[in-house]
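In case you want the letters, here they are:
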Amino acid sequence: MLKKPINFKILILVQHVLAAFVAFALVFVFAGTSIIISGAKGDYSYTLYESDRNRAYEDSYLFNNILGNNLADVIRLIAIRSQLETAGEYDSEKTIDVTAYVNRGTTLPGDYVTAVYTVADLLKWAQSGFTYETRNFTEEESRSFLSERTTYTHLKNNLMSGGMNSYLSSGLSDNSVAFTVSGNSIPSGGTHNILVSRYQTTDGRNIEDLVSNWEEYSLLCSNVEEAAKTLLYNFEEYGKLLSYYGYQSSNLRYYISRTINGSTSVYTNISELSGETTGIDIKSVFEAYGRYIYYCPYELKYETNTLIKENVVRSFLKTYSYAYPDQIKVYVAVDTIGYPCSDDFYQGKSSFTKYMPYRTQILILCFVAAFIYILLFIITLKSPLVVSGSSIKTEIACLKNIIIMAVPLGAFVMASVLTQMSYMKMIRLENFPVYAALGAFVFNVGFLGLIYGIADKVKEKSLWKDSILRMLIIGAKNLILTTTDNGNVIIRTWIPYIFFVVINLCLFKIGLAGIVIAAFLDILIGIYLYRQNLDRDSIIKVIERIKNGDVKSKVDVSSLHSDNIALAEAVNSIGEGIEKAVDTSMKDEKLKADLITNVSHDIKTPLTSIINYVDLIKREDIGNERVIEYVNILDQKSQKLKKLTEDLVEASKISSGNISIELSKIDFVELINQTIGEFFEKFEKSGLTPIFKANEKNISIVADARHLWRVLENLFNNTCKYAFPGTRVYLEMYTAEDKEGKKKAFFSIKNISAKELNVSAEELTKKFIRGDESRTTEGSGLGLSIAKNLTIAQGGTFDIRLDGDLFKVIIGFDIAE
Amino acid sequence: MENILVCDDDKEIVDAIEIYLSQEDFRIYKAYDGIEALEIIKSKKISLAIVDIMMPRMDGMRMVMELRKFSSIPVVFLSAKSEDSDKILGLNIGADDYVTKPFNPLELVARVKSNLRRYTTLGSMEDKENIYKTGGLVIDDNSKECFVDGEKIRLTPIEYNILEFLVKNKGKVYSINQIYQSIWQDSGSFTADNTIAVHIRHIREKIEINPRDPRYLKVVWGVGYKIEDEEPC
């Protein structure tokens, strides 16, 4: 285990450093994976490929990607130059055939309407804007506004031969002829848009002077406008690209010559080559720069020592086919020997050499650092206490650390806003890895402070204890408790209810949002009430079960909530109490039964001798009458003692549940008949007449036959003993439904008691109770008790009804299916 | 003169039994524990033993188990233990009868005699046609007579018919109604009569030593009556 908090401070510091390093490494690698290099038209994003790792910069994909982008830009530059320049210089007096210019990408018809302006006029017109007027014309006015004749331009040679398209053809000298044709339709009157003429064509005419109807007029106007605007756009780009690819500003060298109709024009950024080049081997000049491309489609020649393919160059040229006929020679090179200019090639080289070699190593180091960081994190988290027990409130500690974490992030966003740089660009700043490391360090201070702080509080189990939220909740709870707990039921129930109603009403007032919140709250309250009732229900069920004798039944407290837990626990402990009491009383009964059994054994042996010797005395010839009487009393009492011990054992066994019950299907009517048969003589002797009525022939019940016989035997014996001699004993058997709708068979035996019954029905079934308090008759007083307990043990019912001298016992059993 | 062994740790009981049995012309040998009893049985020609269960040194159960290894004389247990389980255990380990204390001297004597008769005369009666028997109970259909352990029993004709019917179908349980129908050949309607039950009680009183604990004519409560198929014990 790690020692003392001092060590932890060092550990945490190490973690901060590691976090800073990881941030540095990640930013470094990220910046090195995707670099941004500013090119001719803004920033270009390049990816550093892992496969470039063992190549020289000039052989890398990076270099060739940069070259490809530059090549496209240069080819566009030349195309623009061809529009604006004459003999390699900007020519403001260069004429532009607007219709041919607008259609430079497509083919022109042999005869077309056009206007020719100087470059300067068109540019100025585009800069100042095209204004239209809406005017109403009568037919007369139309005719006088427009020319009577339309001027057409006819291209003598308008073939695609030699890669010459219409635009190139129209630029050839002596290739176009103007002729006029009288309008074949009369221009109609009406409302028309008129272009305000700011400049005139090279031959001093306005647009309306060249056309004879409105359709031609508006077409020509739109051509003029489009040509001017396109030219202006190109002019602006011309300036930019020209300076970007200047000899002093770019490592890229180009020389493109094109031959149209025998005259060759040259576009280059090498001043020495712009003039007379006889005697100079241009190709070898370009080869000497390092990396070069030479392309001549006319001669089907393509040479290069770069990775750029011929079809790439061809496709670039094809985009500007109005500028490039077949007879061109393209020389492009990059001065890779010296890189004299700090351009995108140079930037690429410095990035390449800066990131490429260390990228993988740094990445590995980064992972190692991250691994160590996580390892330390786990170790620290698992150790007992990190920060020595601060008693700051949980929320304040969290907030403090979150603010610390927010500082570097905020700084990053602020920096981006202030410098107006995109996040991506900022990340690629040269020093950004260092800033990121610093930021990560600060962030980590907050982060670890937050995590370890929470972890410590969790370990001390004080997360919740130290929380302000807890303070508030406890305060609120106490407030509610003090106001409600001691109050009466009205305060406890009505005040929360009124509060609830008022909140609902207030929320409804707010509007739709309020109604939604109220509905949500009401659903929560509903769920709460439902849960409460559910809890109550489970508690009530258990109480019901305990009531019905299942004293082992318990409420599952874990599924309950709030005050129901206390209620459930109370119910459980009551249940346990009852269970204990029942258990103890069962044990006591068992003990009593064992005791009685043992005692009765011990009584039986001497009793045997008493009975036997009394019997022997009786057999002797005794002359004395008084002795004979005494012996008879001894005989009677010893027999009674015998019966008493037997009954006592049986009664105690039944009441302690120490008997086995074997339930089977028996015919109750048959059993009664058998019993009557057994008691026939006894009834006769007691002067009783049994009358048996059964409302069904066979009534099957479920009972233990032997025990049921014992019950009936006791009841019949009871009747024989206590019934008034000379009366009838009514035995009835009937089926009926009990309270729960279960079909039952009932047997009743009723007789007139010989003596007054001065005890209650309940007392009669208690042990040692007899109809006569004087206890002079035979019998142990256990008969009814045994009968009742045995009946109940078999699942039957046992009722005694007393009505004056009428004594009635009803026993009931479930009918067998 | 038969020799009877009486074994009980209570001397007075042994003496009382001696008085009763000697009146019936038996010679009595007395023992007060199991070991003594076994020694007497080994040395004398004993025809029957009355044995208490709870005795010092060797109790009745152990003694009977030992005894059964070399002798098959009838053994009557005499015990204060009156549970059914005690009786079943006692009979199972080899006793022939079980009498609980306090006992009726006349019943004990009757049982002793019955056991002796069965032990000495059993098997002597040849199997003839129309003679049915179970245990010591014999019905002679030829002479319409009934014997229990060789002793003739006087029965009324109805009692005889009922007993004959049950003995012929021994082991099977018959309800009052079934018996009624078979005796009177009457398939007539239901009679809630208990005449049959009374008759059966009378038969039991005649053929059983203790009608409350019958050996032959058993009451199956709530079902009917039957004659036990197997020999008792």
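Everything quoted here is computed from the prediction, not taken from an experiment.

I tried to follow the overall build of chain B on my own but got confused; where do I start?
Check the secondary structure of chain B and you find eight helices and 11 strands. Here the analysis covers contacts within chain B between residues at least 6 apart in sequence; of these, 56% occur between residues at least 24 apart.

How should unusual backbone geometry be read in this particular structure?
Trans peptide bonds make up most of the peptide bonds, and negative phi angles are found at most residues other than glycine. Residues and elements named next belong to chain B. That bond from Lys101 to Pro102 is cis: its omega, -10°, falls within 30 degrees of zero. Here Arg57, not a glycine, exhibits a phi torsion of approximately 65°, which is positive. Note on Arg57: 12 C-beta atoms within 10 Å, which makes it exposed. For Lys144, which is not glycine, the phi torsion reads 55° and is therefore positive. The topology assignment puts Lys144 in the loop between strand E7 (137-140) and strand E8 (145-148). Assessed through the 13 C-beta atoms surrounding it within 10 Å, Lys144 is described here as partly exposed.

Which parts of the structure should I look at to understand the UniProt feature "transmembrane region" (unreviewed entry) in chain A?
Residue and element names in this part refer to chain A. Using the residue numbers shown here, the UniProt feature "transmembrane region" (unreviewed entry) corresponds to residues 12-37, 362-381, 402-423, 435-455, 467-491 and 497-530. For residues 362-381, the helix share is 100%, the strand share is 0%, and the end-to-end C-alpha distance is 28 Å. Taken end to end, residues 497-530 is 97% helix and 0% strand, and its two terminal C-alpha atoms sit 16 Å from one another.

For this particular structure, what's the right way to read the sheet that holds strand E9 (residues 149-155) of chain A?
What links the strands of a sheet is backbone hydrogen bonding, and the strands pair in either a parallel or an antiparallel sense. Residue and element names in this part refer to chain A. Reading across from one edge, E6-E9-E10 is the order of the three strands in this open sheet, with antiparallel pairing throughout. The open sheet has two free edges, formed respectively by strand E6 (111-113) and strand E10 (176-182), since each of these has just one partner strand. Each neighbouring strand pair of the sheet contributes to a mean axis angle of 40°, computed without reference to strand direction.

It is not clear to me how the UniProt feature "modified residue: 4-aspartylphosphate" (unreviewed entry) in chain B should be interpreted in this structure. Could you clarify?
Residues and elements named next belong to chain B. The sites that carry the UniProt feature "modified residue: 4-aspartylphosphate" (unreviewed entry) are, in the present numbering, Asp52. Mapped onto the fold, Asp52 is located in strand E3 (residues 48-52). Here Asp52 is in contact with Cys7, Asp8, Asp9, Gly60, Leu78 and Ser79, once residues within four sequence places are set aside.

Sorry if this is basic, but what is going on with the sheet that holds strand E21 (residues 743-752) of chain A here?
Residues and elements named next belong to chain A. Read across the open sheet, the five strands follow the order E18-E20-E21-E23-E22; overall the sheet is mixed. For this open sheet the edge positions go to strand E18 (689-694) and strand E22 (797-803), each flanked by a neighbour on one side alone. Ignoring strand direction, the axes of neighbouring strands in this sheet form an average angle of 15°. In this structure, E21 lies alongside strand E23 (residues 806-814), joined through nine bridges in antiparallel fashion. By the bridge assignment for E23, Ala745 is matched with Phe813. Strands in contact with helix H22 (residues 705-722) are strand E20 (728-737), E21 and E23; relative to E21, the strand with the most contacts, it is inclined by about 20°.

What should I look at first to understand the environment of Leu616 of chain A in this one?
With respect to the helices, strands and loops of the structure, Leu616 of chain A is situated in helix H19 (residues 562-619). Accessibility expressed as a C-beta count within 10 Å gives 14 for Leu616 of chain A, which makes it partly exposed. If we ignore the near neighbours within four places in the chain, the residues touching Leu616 of chain A are Ala16 and Ile19 of chain B.

Please clarify how the nonpolar core should be interpreted in this entry.
General note: in soluble globular proteins, nonpolar side chains tend to be found buried as a group. Residue and element names in this part refer to chain A. In terms of nonpolar packing, the biggest core is built from 101 residues, with Leu122 and Val332 touching the most fellow members. The element best represented in this core is helix H1 (residues 5-33), accounting for 13 residues. Inspection of this core shows a minimum of three residues originating in each of domain 1 (45-84 + 246-352) and domain 2 (92-243). Setting aside anything within four residues of it in sequence, one finds Val332 in contact with Leu71, Val74, Leu252, Tyr254, Tyr292 and Ile293.

Looking at this structure, how should I read the environment of Ile183 of chain B?
Residues and elements named next belong to chain B. Take Ile183: it is sitting in helix H7 (residues 176-184). Residue Ile183 is classed as partly exposed on the basis of its C-beta count, with 15 C-beta atoms lying within 10 Å. As for Ile183 and Glu159, which are separated by 24 residues in sequence, their C-alpha atoms are 10.0 Å apart. When neighbours within four sequence positions are excluded, Ile183 is seen to be in contact with Ile158, Asn161, Ile162 and Phe165.

Is there a simple way to think about the pairing of E9 of chain A in this case?
In regular strands, side chains alternate between the two faces of the sheet. Residue and element names in this part refer to chain A. Pairing analysis gives three bridges linking E6 to E9, with the strands arranged antiparallel. Looking at E9, one finds that Val113 is bridged to Tyr152. As paired elements, E9 and E10 share seven bridges and run antiparallel to each other. Bridge pairing in E10 places Thr150 opposite Val181.

I keep staring at the interface of chain A and chain B and nothing clicks. Help me out?
Often, the extent of an interface is quoted as the loss of accessible area upon association of its parts. The interface is formed by 30 residues belonging to chain A together with 25 residues belonging to chain B. Mapped by element, the contributors of at least two residues to the side of chain A that touches chain B are H19, strand E17 (664-667), helix H21 (668-686), E18 and H22 of chain A. Residue contributions to the side of chain A that touches chain B peak at 11 residues, all from H19 of chain A. Residues belonging to the side of chain A that touches chain B are distributed by class as follows: 14 nonpolar, eight polar and eight charged.

Looking at this model, I keep getting lost on helix H2 (residues 34-43) of chain B. Mind explaining?
Helical periodicity: at 3.6 residues per turn, an α-helix aligns residues three or four positions apart in one direction. Residues and elements named next belong to chain B. Of the positions making up H2, those classed as buried are Gly34, Ala37, Leu38 and Ile41. Seen end-on, H2 carries its buried residues on one side only, within an arc spanning 100°. Opposite its buried face, H2 presents the exposed residues Glu39 and Ser43, each directed more than 90 degrees away.

It is not clear to me how helix H24 (residues 783-793) of chain A should be interpreted in this structure. Could you clarify?
Residues and elements named next belong to chain A. Most of H24 sits inside the fold, with nine of its 11 residues counted as buried. Listing the buried residues of H24 in full gives Gly783, Leu784, Ser785, Ile786, Ala787, Lys788, Asn789, Leu790 and Thr791. The secondary structure elements touched by the buried residues of H24 are helix H20 (625-655), H22, helix H23 (761-764), E22 and E23. The positive-phi residue at the C-terminal boundary of H24 is Gly795, with phi of around 90°.

It is not clear to me how the packing of helix H18 (residues 512-547) of chain A against H19 of chain A should be interpreted in this structure. Could you clarify?
Packed helices, taken two at a time, are described by the angle between their axes plus the distance between the axes. Residues and elements named next belong to chain A. The geometry of H18 relative to H19 is characterised by a closest axis approach of 10 Å and an angle of 10° between their N-to-C directions. One finds that H18 runs roughly parallel with respect to H19. Counting all contacts with H18, which are made through Gln532, Asp535, Arg536, Ile539, Val542, Ile543 and Ile546, the residues of H19 involved are Asn564, Leu567, Ala568, Val571, Gly575 and Ile578.

Would you mind showing me how to read the confidence of the model for chain B here?
The predicted structure's coordinates, where accompanied by low pLDDT, should not be read in detail. Mean pLDDT for chain B: 83, with 91% of residues reaching 70 or above. On the interface metric, ipTM, the complex scores 0.79, and its pTM is 0.46.

Please explain the packing of helix H2 (residues 61-84) of chain A against helix H10 (residues 310-319) of chain A as it appears in this structure.
Residues and elements named next belong to chain A. In contact at an axis separation of 9 Å, H2 and H10 are set at 30° when each is read in the N-to-C sense. Classed by the angle they form, the pair H2 and H10 counts as roughly parallel. As H2 packs across H10, the resulting crossing turns out to be right-handed. Only Val312, Val313, Phe316 and Leu317 of H10 make contact with H2, whose side of the interface consists of Gly68, Leu71, Ala72 and Ile75.

Looking at this model, I keep getting lost on the pairing of strand E6 (residues 131-134) of chain B. Mind explaining?
All names here are of chain B. Inspection of the sheet shows E6 paired to E7 by four bridges, in the antiparallel sense. Note that in E7 the partner of Thr134 across the bridge is Leu137. The antiparallel hairpin formed by E6 and E7 contains two residues in its connecting segment, where Gly135 sits at a positive phi of about 55°.

Conventions we followed
- Residues numbered from 1 in each chain as written.
- Chains lettered and ligands numbered in written order.
- Predicted model: local features only at pLDDT ≥ 70, side-chain atom pairs only at ≥ 80, totals over all residues.
- Helix = DSSP H or I, 4+ residues; strand = E, 2+ residues; numbered from the N terminus.
- Contact = placed C-beta atoms within 7 Å.
- Buried ≥ 20, exposed ≤ 12 C-beta atoms within 10 Å, placed from the backbone.
- UniProt positions renumbered as here; feature names shortened; annotations may be inferred.
- Pairing = 2+ DSSP bridges.
- Axes fitted to C-alpha atoms, helices over the stretch in contact; angles between N-to-C directions.
- Core = buried A, V, L, I, M, F, W, Y, C linked by C-beta atoms within 7 Å.
- Domains from an automatic or database assignment.
- Nonpolar A, V, L, I, M, F, W, Y, C, P; charged D, E, K, R; others polar.
- Arc of directions from axis to C-beta.
- Parallel < 35°, antiparallel > 145°, perpendicular 65-115°, else oblique.
- pLDDT = per-residue confidence, 0-100.
- Left-handed = near helix turned anticlockwise from the far one by under 90°.

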